[in-house]
Amino acid sequence: MKYVIIVAGGKGLRMGADIPKQFLPIGGKPVLMHTISRFHAYDRNIRAILVLPKEQHAYWQGLCREHHFDEEYQLADGGTSRFQSCRNGLSVIPDNAEGLVAIHDGVRPFVSTETIARCFDRAEKTKAAIPVLPVTDTLRYTGDPTGGRNVQRGDYKTVQTPQVFDIQLVKRAYGQDESPAFTDDASVVESLGQAVAMVEGNHENIKLTTPFDLQVAKTLLALNASFSFREHDD
């Protein structure tokens, strides 16, 4: 069985908008609808769980009626942190469920079906897989009093979502107490001693955080109206 938990608890403060960023329109409909549709394009039978703050449920359901959005998903309450929201989403999945679950940022509407497939295929073999991309900018370490130093960017990757895990493994991981050391879902799973495999992500799979990101998103939609993003060999 395959599940996806789509976490959308942002308030959109850096976006400077009056509504949370997951509800902002691109291509005529809210960001979050595009995101859900990407996973159904990958597998129409995947079981989607949408995690939203409880106070946003009615607003979202109104948007669904307005846009005639009838794709299947189950709604779960968001928590006070991303960790708590992911735990709430996982609680919707039966405790005896077997299979894989993806955890994805609701404001990454341009993940390719190829990236999703790579994550699920690798997690099928390794129990945990995340999409990554090479670092292209020079990196500088600033954690010492000497003014910092450049580091080898080849030693680092940027991490995206969806992050895909064996259901029983990630349920056990999220049974732990929350910790500042948990920077993403992979770090929660790694705290159990589980290795996490890496697969290639896609460059369009950006997280919409700032007004500039929203303009990039509108450009991507104009260039790729079918959402059929090709992978790049950069």
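None of these values were measured; they are calculated from a predicted model.

Another point: the overall build of the protein. Secondary structure summary: the protein contains seven helices and twelve strands in total. Taken along its principal axes, the extent of the C-alpha atoms in the protein is 55 × 45 × 35 Å. With 234 residues in all, the protein has 47% of them scored as buried. Of the roughly 12,100 Å² of accessible surface on the protein, a fraction of 48% belongs to carbon and sulfur atoms. Separation of charge centres in the protein, based on 26 positive and 29 negative side chains, amounts to 1 Å.

Take the pairing of strand S11 (residues 163–166) next. Relative to S11, strand S6 (residues 100–105) runs antiparallel, the two sharing four bridges. Looking at S11, one finds that alanine 102 is bridged to valine 164. With two bridges connecting them, strand S7 (residues 128–134) and S11 associate as antiparallel partners. Within the sheet, the bridge partner assigned to alanine 128 lies in S11 and is phenylalanine 165.

Mapped onto this numbering, the UniProt entry annotates "site: Positions MEP for the nucleophilic attack" (unreviewed entry) at Arg153 and Lys207. With respect to the helices, strands and loops of the structure, arginine 153 is situated in the loop between strand S9 (149–151) and strand S10 (157–159). Given the relative accessible area of 39%, arginine 153 is considered partly exposed. When near neighbours in sequence (up to four residues on either side) are disregarded, arginine 153 contacts Val135, Thr136, Asp137, Thr138 and Leu139. At 2.7 Å, the side chain of arginine 153 forms a polar contact with the backbone oxygen of threonine 136. A relative accessible area of 38% places lysine 207 in the partly exposed class. In this structure lysine 207 touches Asp105, Val107, Arg108 and Asp213, once residues within four positions along its chain are discounted.

About the thresholds
Residues numbered from 1 in each chain as written. Predicted model: local features only at pLDDT ≥ 70, side-chain atom pairs only at ≥ 80, totals over all residues. Heavy atoms only, no water. Helix = DSSP H or I, 4+ residues; strand = E, 2+ residues; numbered from the N terminus. Buried < 20%, exposed > 50% of the residue type's maximum accessible area, 1.4 Å probe, protein only. Areas by Shrake-Rupley, 256 points an atom, 1.4 Å probe, with all protein chains shown as cover. Lys, Arg positive; Asp, Glu negative; His and termini not counted. Charge placed at Lys NZ, Arg CZ, Asp CG, Glu CD. Pairing = 2+ DSSP bridges. UniProt positions renumbered as here; feature names shortened; annotations may be inferred. Contact = heavy atoms within 4.5 Å. Polar contact = N/O pair within 3.5 Å; in protein donor to acceptor, adjacent residues only side chain to side chain.

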